[in-house]
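Analysis of the macromolecular model
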Amino acid sequence: MVMRYFILLAALMIGFSGCKDFLVEKPTGSLTDKSTYTSDEDLTALTMGPYRQLPNWTGGATDWGNNLPQTLEFPTGEAWTVEAHALYWRFQTNQVSGDLLDDFNNQWNNWFTGVRDANFSIQMIEGMTGIASDKISKALGEVKTLRAWYYFNLVRYWGDVPQITKILENVADAELPRTSLKKIYDEVIIPDLEFAIASSLTDTKSTNGRITKYSARAILADVYLTCAGYPYQEVNATPTKEFCVSGAWTMKGYPVATGKVFLQKAKAQLDILYGKWSLAGSTYDDLRNPSKNNQGEFIFQAQYLSGVTNNGEIPCALPLISHISMYGDENGTFIPSMNYINSYNPADKRVQEKQFFFTTDNLSTKYDPTQSPAPKFDRPYLYKLYDTDAIKNTAKSGLNWTFYRYADVLLQLTEVNWALKTLGDAISDDDITKGINEVRTRALLPTYRASDISLKEIMAERAYELIFESKMLWDQRRTRMCLIDGSGTFAGIHDFIGHKAGEFSFSFGPMNLISPMPGSEILNNKKCLQSFGYLPKQVGQ
Amino acid sequence: MKKKPIPNMGRNLMLKKISRFMKLCLLIFVMTVVQVTANVYSLQAGENLTASQQAGKKVSGKVTDLSGGSLPGVSVVVKGTTNGVITDNGGNFSLNNVPDNATLQFSFVGMKAQEVAVGGKSTVNVQLAEETIGIEEVVAIGYGTVKKSDATGAVNAVAATRLMDKPATNLGQALQGKVSGVQVINMGGGIPGGNPMIRIRGSNSINTNNDPLFVVDGIVGVGNVLSNLNPDDIVSTDILKDASATAIYGARGANGVVLITTKRGVAGQTQVDYKGSVSVGVMQRHLYSMTSEQLMYTYEQAMANGTKYGTINSTKDFRGSTGGSQSYSEMPWLFIPNDGTFSVNLTGKDGKQYMPRYNNNWESIVFKPSVSQNHYFDVRGGNDKAKYSVSIGYTNQQGIMKDSYFKRYNGSLTGDVKVFKWLDLSTQLGFMQSIQTYDDGITRSTAEVWPIVPITYPNDPATFGIYASRWGTNADFNVGEQWYNIIFRRNQNFGLTYRNQATGSMVLKAQITKDLSFKSDFSFDFNNYKYDYYSGKFYGGDGSASMNNNYGMYWQNQNYFNYDKTFGGDHTVNAMVGLSWSRYKYENLSASNSVFFTNFYAYHNLGAGAAARPGVGSSDGFNALASYFARANYSYKGKYMATFTGRMDGSSRFGENSKYGFFPSAALAWKASSEDFVKNIAAISNLKIRTSVGKTGNQEIGSYVTQRYVGVNSSIAMGTTSLTGIYPSSVGNPDLKWETTTQYDGGIDLGLFKDRITLSFDVYRKQTTDMLLSVPLPLSTTVGSVTENYGSVQNQGFEIELNTRNIAKGDLKWNTTFTLSNNQNKITALGPTGAPIYVQLGAGNATTIYKIGYPIGSFFGLNRLGTWSTSEAAEAARYGMRPGDLKFYDKNNDGKIDLQSDGDIIGNAFPKFIVGFNNTFSYKNFDLAIDIAIVQGVNKAFIHESAEDRQLVSGGLNSTLTAWRPDNQNSQVAQIRPGNGGAYYQSYADTHMLSDASFIRGNNLTLGYTLPGSLTKTIKLEKVRFYLSAANFFLITKVEGYDPEGSSLDKSFATAPNSDKYQYPNPSTYSFGVNVSF
């Protein structure tokens, strides 16, 4: 009997000690918001998190061959596709809506995820103790630069967007209205970048893809330049007007007199960057060579590593089903329009075969072991993204996507100086010409005198040099001017409103100055109103 | 987030009581275990010696059924001995050596067993009642059984004889049409091993699992029942539908419960059975894709229309001299000179006429009649002290698509031992393995790959150049996408899914007093899921292999008392109270590699790959339930019955503040036929009126969803290396709790003319509240969703089950079962804003919507009006369109077509009515069963995007030939244009893809013949039955595609099961089988 009771007692004790935590969850595979961050390694992990969205720049937007860079070129009217999946016809006929494939949903999600990642990291880094203050300052400089970059894209694309700079604590507060783009520039983008310039980031070039002060300065210069133009200056003039929802944009003409202070600030940053790189000795082949990533004229790039994170844009730029590559898909969806290409000076090196474009190639070994010539293409295709190793061997490209390179800085320098001169500042001729002429010299084109240069020459040079680098849409919107296609040169420039792009069936109106709010945001954020002229509208809008 | 103050006092008091009760239970359990251990070696079979050695005499008799028909094959055993025989073909038996005081046990599958005291007689005649129709039938109700006549809830019992009257690979197929209120949807079409989806009284919820809870031999929540359980092992299936029946399963009961009892040993003569069948599956319906002639006509038309719809890409246009660099004359691998038999003019650059070299019908190449087989053995025996059963099963189901199959191996052992007079021990061990091929999405190739492309080109470089010996793909014709032909895909792209499973249980039942018993079980369910996949080097890549290995281990321990007593003859009480613990632990491991130099290794040697960064991943976790439950049944004079149940479940899956949920139910029944005033009505043999109300729960969300996670990404490329970063990855919800379904049920059971006609009618209404909803959130501020208790769904409907014995006298018997189910589903609340939730808005999908006021699984889309005619050119231009383009209804008339803004609810994926009409006939030694299923009021989406809308990108259905032409302007298909030649097209989820998917299907026709007993005896067998059977033997429907039911698997949604993008065809199956009892 004694034995029985002893066993019973033991069993009871075992049974109840086991029960105590029976229903308590203990996640083993993931950190949670209750985790704490204390070490240098934690600091690195927090700093790296916000970088993860950068490579999504070349990610897909649903459906075959429709990647996000297409969605930034199609609205300019200077792009084309031979393949129908990307629904280019909706841009051609002004039938773009916030539900168009995932053009807008994915872009929105990518950039706002970047913002959220940065908000989280900033909050956690600021709360770290026991780490040297210069390390904290450097990390915050990196992360805040990234947050500014994501927001800069958001406001350029959509104008007013929700402003959030902290971790969301309560999902009841998840729905936020659109905040004035001016407020976001003034309260987030500019302060974040100015913080980075003043932080303990190194004031050097980046050689490994991490943010340095040079990258922060390049972004800041562009931010100032953009704020000197539209839509910032129009909002600044009438801060209370709901431009994005009403579409009541009216201002035109560039440069804008009230933007002068921003132009001066931009000039200060560009002057620091000037001369830190050189185009001499570089070739256009460097643009498409992954081994030149983060070197030469590159300032800030989305990072790719073949086989780890691949640049998704490479096959989109190849002629449709041309059998010239190892890629399973050759999409033919990322193509400059014929009118655009015809607007190059035939003497321009960039338009020569296998510089920026190509019209012939050999068949891939996948189709022909002897690599005999493929049939000649019906038109030039973009060669800028021709990563030879990826196309001919691996079908996995580690070619970085460039956000800023020196040629862009040089052209901004010319624009800023030309604009300041136009607005009455004393600017030397050399300050105006030096940037654009370094770009033209590499292209084997004659140099300009200061008196040759007007906005058309500057915008045209940007169009030639930075073709399909996700620049033209921003240039059109911030200047409210569009290039008119021509033969051997652009025929001129035209006010954005009323401009009819060669491939389009309609003329731009106020609605085209910003993009439609994504369909998913309209559905799930009742406080978010649709941009003027677009579908789907908010309930009750 | 909602926050409610929670009254804690009451719960704490309750928990204290429960914990005291738990201690008591544990005490009794441990004492029982100790006693067993102490006495296990002294187990002696002392009793039956005396019985069997007593001298006895010969007893004979005849066994008949209620209608007087003789019953062959009935087991007759002297109770407590192994002395027994089987009745002959005339139902007669004769037994020697039967003591005067012996009791004879009569048992026969499908009949209610009977015991008869011999009482010195030498002739004992017995009538056995059928178990399925007999009113004394016992139904399982969870943690016990109840006489059907005393049951208060809506419970349907399906005995093995009825369940397996046709060949079925899984329980779902076997149940189809047999039980009212149960919808069995054939999700995978004819895919071998494809699991049907089972819905009991509709779908309660959107984001959680709506599958019923499977309880197999007392193991609650057994996994993979539909794939792995051999239906031949099943003795009976009980479906619990109303809350009174399901509430005893608390937080897991809301979707209904399927209680399964498998075969166990029997006392008496050893029974040996064999069942075997061979089946042939043949294609039933076709998808009509284009012939080479039709395709080339389309091509010529498309290019001619090219400039109308875009800027034509000249390299894709090889119409003779007008074309680009290549033409028919330069593509000898695909084209040969026209021998005059080809009607379309294909002019090469050389000016000569050409025709395609090949004209393949891919359907006929890949779908061939297939031969499947099924074998099953079981041996059962034992005596009063110990009973055992052994069964093994083998199923080899071959799909009609090349190289697709499902194989299953089952083994099961059971033992029932009377340890003491007061203690029973029951054990069971089962092992199952199934292997299924990867067939997902492959059937699409039959419609996508062009007929002009061969499987492989001959090894003849002189003619075929670089194409010699290569696999054919659409890309060989320069306008085609890289679509690989289906044989190529089967060759290069293969995967196998293994589902290995072991279940086991040990149940102790102690009879403490005459009225009080205690049961304790320990059971486990081990599941291993392994998926291996290889995509070949030639299949457009470097070769990539992956292996996924997941295991889940579930165990439960349940302990409960049962008290059964009748007081003063009028008051019968049955009470049960108990507690249980269960825990499920899982672990997943995956590895992948690519860049293989040869296809040789496939997934057998992942290390042979040379990827820069091979994939590796793992995760683990657990969830647990602690539960306390009780039930009381009370019956007064067999006229008035009441049942009360309650269960409290504590679940690890929910937030700190809301782990425990309480689920009560109550039911009342009045058996009017026991009242004198009804007894006097001769026609009425049974009349019972039932009503019940109760709450059940649903906790089927993943583990750990209440947490706020910080994710990790270890492959953030940075320069020439990659680094690790962390980021916020989920929203989390510490207040999350179970979802509750409140159900009201009213029913009537009626038996007429001595139960020649029995009818059950039930009406019900279910309201699901606090729905576990994945609430969409703005992507601007969150990751996009959070699981919250938001939303309500209502299901209401009625069910009729009518059984009639139309002819019961003499040799001819004819029974009919008619079931009819109606369920209306409606979402009544949804998320914090009530905003609709869209699913699959992108092109190439069937969009569905969850919207207040509409059922779950509503199809959403544009209204396709047809095509713009020439006279409507100006109106079309408003949309940027031309005559020949598709025309859609512009709901808001704003000159723009947008799916969200101009779309509407256009159909429903769940039917209004489901009817099962099952007939069984027997005449002498022949038996015949005919099952017909009728489903009415449902839509199916057949996604045309790539088949009609996206012309000349890859393949096409020949319905494209009805496209708009200047002389054929009344068309639903846009004018043919080159999708890959620079032309635009439109494709939306729309009314054109939906069709009425009502159908009438001949589910089964089986003709059986049982050998005469005299013949069987001479070959020393007990029973031999042969049968011929036809499944899916006819189908009447308007739907396009292979079948009105199901989805292509890669597009399947449980909440809208009818989205078809080239699903696997559902074959007609013809079987020959034999059942032998030795």
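Structure report, in brief. (Residues numbered from 1 in each chain as written. Chains lettered and ligands numbered in written order. Predicted model: local features only at pLDDT ≥ 70, side-chain atom pairs only at ≥ 80, totals over all residues. Heavy atoms only, no water.)

As for a nonpolar patch on the surface
The following threshold applies: Grouping into patches uses exposed residues only, defined as over 30% relative accessible area, and leaves out salt-bridged ones; the cut-off is 9 Å for like charges and 5 Å for nonpolar side chains (Val, Leu, Ile, Met, Phe, Trp, Tyr). A 1.4 Å probe and the Shrake-Rupley method give the accessible areas. Residues count as covered only by the protein chains that appear here. When a carboxyl oxygen of Asp or Glu lies within 4 Å of a side-chain nitrogen of Lys or Arg, that pair is called a salt bridge. Helix numbering and strand numbering both begin at the N terminus, where a helix is a DSSP run of H or I of at least 4 residues and a strand a DSSP run of E of at least 2.
Residues I807, L812, Y923, F926, L1007, F1026, L1028 and F1072 of chain B make up a contiguous nonpolar surface patch of about 700 Å² in total accessible area. Within the secondary structure, I807 of chain B is located in strand β38 (residues 792–807).

Some points on the packing of helix α6 (residues 133–158) of chain A against helix α8 (residues 213–228) of chain A
Helix packing for two helices is described by the angle between their axes and how far apart those axes are. Residue and element names in this part refer to chain A. Inclusion rule: Each axis is a line fitted through C-alpha atoms, and for a helix only the stretch in contact is used; angles between axes span 0 to 180 degrees, taken between their N-to-C directions. By the definition adopted for this analysis, an angle is roughly parallel if under 35 degrees, roughly antiparallel if over 145, roughly perpendicular if from 65 to 115, and oblique otherwise. The hand of a helix crossing depends on one turn: near helix anticlockwise from the far one by less than a right angle means left-handed, and clockwise means right-handed. Note on contacts: a residue pair is in contact if any heavy atoms of the two residues lie within 4.5 Å. Just so you know the grouping, Ala, Val, Leu, Ile, Met, Phe, Trp, Tyr, Cys and Pro go in nonpolar, Asp, Glu, Lys and Arg go in charged, and all remaining residues, Gly too, go in polar.
The geometry of α6 relative to α8 is characterised by a closest axis approach of 11 Å and an angle of 30 degrees between their N-to-C directions. Taken together, the axes of α6 and α8 are roughly parallel relative to one another. Of the two elements, α6 crosses α8, and the hand of that crossing is left-handed. Of the residues in α8, those in contact with T145, W149, F152 and R156 of α6 are A216, I219, D222, V223 and T226. Residue composition of the contact of α6 with α8, by class: five nonpolar, two polar and two charged.

Section: the packing of aromatic side chains
Quick reminder of the rule: Working definition: a ring pair exists when centres of Phe, Tyr or Trp rings (six-membered ring for Trp) sit within 6.5 Å. Plane angles under 30 degrees give stacked, over 60 give edge-to-face, the rest tilted. Partly exposed residues are those whose accessible area sits between 20% and 50% of the maximum for their type, while under 20% is buried and over 50% is exposed, using a 1.4 Å probe and protein chains only. Counted as over-ring charges are cases with an Arg CZ or a Lys NZ within 6 Å of the ring centre that also lie within 35 degrees of the ring normal.
What the rule picks out here adds up to 99 aromatic pairs over all chains. A ring pair is formed by Y143 of chain B and Y560 of chain B, whose centres lie 5.1 Å apart and whose planes are at 85 degrees; its orientation type is edge-to-face. Within this pair, whereas Y143 of chain B is found in the loop between β8 (138–140) and β9 (145–147), its partner Y560 of chain B is found in strand β26 (residues 544–567), the two being separated by 417 residues in sequence. Of the two residues, Y143 of chain B and Y560 of chain B, neither departs from the other in class, the shared state being buried. Directly above the aromatic system of Y274 of chain A lies the positively charged group of K434 of chain A, at a separation of 4.1 Å from the ring centroid.

Points about the sheet that holds strand β52 (residues 1059–1060) of chain B
Residues and elements named next belong to chain B. Test applied: When DSSP finds two or more bridges between two strands, those strands count as paired.
Taken in spatial order, the three strands line up as β49-β48-β52 in an open sheet, and their pairing is mixed. At either margin of the open sheet sits one strand with a lone partner, and together these are β49 (994–996) and β52. In this structure, strand β48 (residues 939–942) lies alongside β52, joined through two bridges in parallel fashion. The residue bridging F942 from the neighbouring strand is D1060, located in β52.

A closer look at unusual backbone geometry
Residue P231 of chain A is bonded to the preceding Y230 of chain A through a cis peptide linkage, with omega at 0 degrees. Locating P231 of chain A in the fold gives a position in the loop between α8 and α9 (232–237). Following L535 of chain A, the chain continues into P536 of chain A via a peptide bond in cis, with omega recorded as -10 degrees. With respect to the element layout, P536 of chain A can be found in the segment after α18 (519–524). Positive phi, close to 60 degrees, is recorded for V595 of chain B, a residue that is not glycine. Mapping V595 of chain B onto the fold places it in the loop between β27 (571–594) and β28 (615–636). Positive phi is not limited to glycine here, since K924 of chain B has a value of about 50 degrees. Looking at the element boundaries, K924 of chain B is found in the loop between β46 (913–923) and β47 (926–936).

Quick notes on the nonpolar core
To keep it simple, the criterion reads: Buried Ala, Val, Leu, Ile, Met, Phe, Trp, Tyr and Cys residues that are joined via side-chain atoms within 4.5 Å together make up what is termed a nonpolar core.
Residues W149, Y151, Y185 and I189 of chain A are the most contacted members of the largest nonpolar core, which totals 193 residues. The greatest single-element share of this core, amounting to eleven residues, is contributed by α8 of chain A. Discounting residues that sit within four places of it in the chain, W149 of chain A has contacts with L54, W57, R156, I219, F300, F403 and Y404 of chain A. Membership of the second largest hydrophobic core comes to 51 residues, among which are I400, W483, I486 and Y1042 of chain B.

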